[in-house]
Amino acid sequence: MDLVTQIALKVPETLVEISERGLATLKRAEQQRGFAKSIHTTVTNSLKELTGYSKENRPEEHTRTHFEFGDISGRVESKPTSSVSYKTVFSELSNYIQHEQQAGKKIINAELLVKNFYEMVEDSTNPTLEQKIYFDNEEEIIEEAGISDESPETTTFYTNTSNYSNLNKRTILDRFKAKRIDDHLSKEIIKPFNNLVQSTALDLLGLNEEDLQETARTTISQDNRAFDVKVISRETTGYAAILKSLFNTSITRATGRSGEIYSLIDSRIDEIDDLIERFDVRNRMQGKYVSLEKVAQRLDQLTTEHTTTRRRLEWSYNPILEFAAIAN
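As a starting point, this report considers the structure included with it. (Residues numbered from 1 in each chain as written. Predicted model: local features only at pLDDT ≥ 70, side-chain atom pairs only at ≥ 80, totals over all residues. Heavy atoms only, no water.)

With that settled, the discussion passes to unusual backbone geometry. With glycine set apart, most residues show a phi of negative sign, and most peptide bonds adopt trans. Its identity is not glycine, yet D280 carries a phi of approximately 50°, on the positive side. Inspection of the secondary structure assignment puts D280 in the loop between α8 (273–278) and β9 (282–284). (Helix = DSSP H or I, 4+ residues; strand = E, 2+ residues; numbered from the N terminus.)

And the structure:
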C-alpha cells in the first residue's frame with residue numbers, strides 16, 4: 001500500500017445553483033476551505049510561538065519578535081491585554097442587590113456600591129494575549145506565491161498539516177496561498193450558495209430579511225435534493241453597555257456625564273436632579289444613599305433597552321429526496 005504524502009488541492013469551478021451539482025460543488029468547497037484554513041492557522045500559530053509568549057506567559061509590555069526565512073522577513077507583535085466577563089459581573093451585581101434586599105435593607109451607600117462593583121469587575125477580569133503578524137515585504141511574497149485576482153490554480157499541500165509547524169520559506173508561501181483559496185471559496189461559492197437558498201426560501205414564504213417570523217419554516221427542492229429552512233431567533237444583551245451606563249467613570253460626550261450611579265459621587269458633575277429622583281437619593285452623614293429597589297428597577301430597564309432579538313434563516317440538507325431516488 002502506497003503512503004500518500006501530498007495532495008493536490010484543486011479549486012472547483014464556480015457553480016451556484018440548487019441542484020445535485022450545486023450541492024456537490026458546495027461540499028467540495030467547504031472541505032477544501034477547511035483544509036486551506038488549517039494550513040493558514042498552523043503556520044500562523046507557529047509564527048506566534050516564535051515569541052515564546054502565551055496566555056500563561058505574557059510579556060510585561062508591547063514587544064516585537066522579528067523572524068526571517070530566506071528573503072521573507074517580518075515580526076510578531078505581542079502585548080498583554082485583558083478581558084472582562086461583563087455577563088458575570090451583571091449576574092453578581094443583580095445577586096448582590098437581591099441579597100441586600102432579602103436581608104431587609106432598603107438603601108445602600110452609593111460610594112460603597114461603586115466600590116463593590118469595581119471589585120466584581122476585577123474578579124471577572126482575565127489576562128489575555130494579543131498577537132499580530134506583520135510581513136516586511138508582503139507584496140513581494142504575494143507575487144512570488146503566484147497569487148492574483150484570478151481564480152487560484154491547483155496548489156499542492158502536505159496532507160499532514162502538522163508539517164506546517166516547521167517554518168521555512170515554503171510554508172510561509174503556502175500560508176498566503178491557503179488564505180487566497182479560503183477567501184475565494186468563501187466569496188465565490190459558499191456564501192453565494194447560502195444566500196441563494198435563503199433568498200429562495202424567503203420568496204416561498206413571502207417574507208423579507210427585515211420581517212422574519214419566528215416560526216417560519218419551509219422545504220425547498222430541486223431534482224432529488226431538498227433543503228429545510230427555518231428561522232432561528234437569538235437574543236443578545238449588551239451587558240457592558242448596561243453596566244457602563246451606571247458605573248462608567250469617564251464622562252461621555254453623549255450624556256456629558258459619567259455613569260448614572262457614579263455621577264452621584266462624581267465631583268465633576270453638577271446637574272444630577274433627575275438622577276436623585278431616579279434613584280430616590282437620600283443624604284446621610286456617610287454620603288449619598290440610593291434605593292436598592294430603584295437600582296434594581298433601573299437594571300431591568302437598561303436590560304430591556306440593551307437586549308435585541310436577531311432572527312436569521314438557517315438551512316440544512318434533507319436527504320429524503322435523495323433516498324427516495326435511490327429507492328426508485
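As for its position among the elements, D182 is in helix α5 (residues 169–205). For D182, a relative accessible area of 8% translates into the label buried. Each C-alpha atom, one on D182 and one on Q32, is 8.1 Å from the other, the two residues being 150 residues apart in sequence. (Buried < 20%, exposed > 50% of the residue type's maximum accessible area, 1.4 Å probe, protein only.)

Here we come to the side chain of S186. Residue position: S186 is located in helix α5. You can call S186 buried: its relative accessible area is 8%.

Summed over all chains, the structure comprises ten aromatic pairs. When the ring of F67 is compared with that of F135, the centres are 5.6 Å apart and the planes differ by 75°; the resulting orientation is edge-to-face. On the criterion of sequence distance, the pair formed by F67 in strand β2 (residues 63–69) and F135 in strand β5 (residues 125–135) is long-range, its members being 68 residues apart. When sorted by exposure, F67 lands in the same class as F135, which is buried. (Phe/Tyr/Trp six-rings, centres within 6.5 Å; stacked < 30°, edge-to-face > 60°.)

All right, on to the nonpolar core then. Nonpolar side chains in soluble globular proteins tend to be buried together. By size, the foremost hydrophobic cluster in this structure holds 43 residues, and its most contacted members are L47, F135, F157, I172, V197 and F227. Sorting the residues of this core by element identifies α1 (20–49), β2, β3 (72–84), β5, α5, β8 (225–237) and β11 (307–318) as the ones contributing at least two each. Among the elements that line this core, the one with the most residues is α5, at twelve residues. Discounting residues that sit within four places of it in the chain, L47 has contacts with F67, F69, V76, I133, F135, L167, I172 and R175. (Core = buried A, V, L, I, M, F, W, Y, C linked by side-chain atoms within 4.5 Å. Contact = heavy atoms within 4.5 Å.)

An order of β7-β8-β11 is seen for the three strands of this open sheet, with the pairing classed as antiparallel. Two strands lie at the open edges of the sheet, namely β7 (217–222) and β11, each paired on one side alone. Direction aside, the axes of adjacent strands within the sheet are offset by 25° on average. As paired elements, β8 and β11 share twelve bridges and run antiparallel to each other. Note on β11: the bridge partner recorded for T236 is T308. (Pairing = 2+ DSSP bridges. Axes fitted to C-alpha atoms, helices over the stretch in contact; angles between N-to-C directions.)

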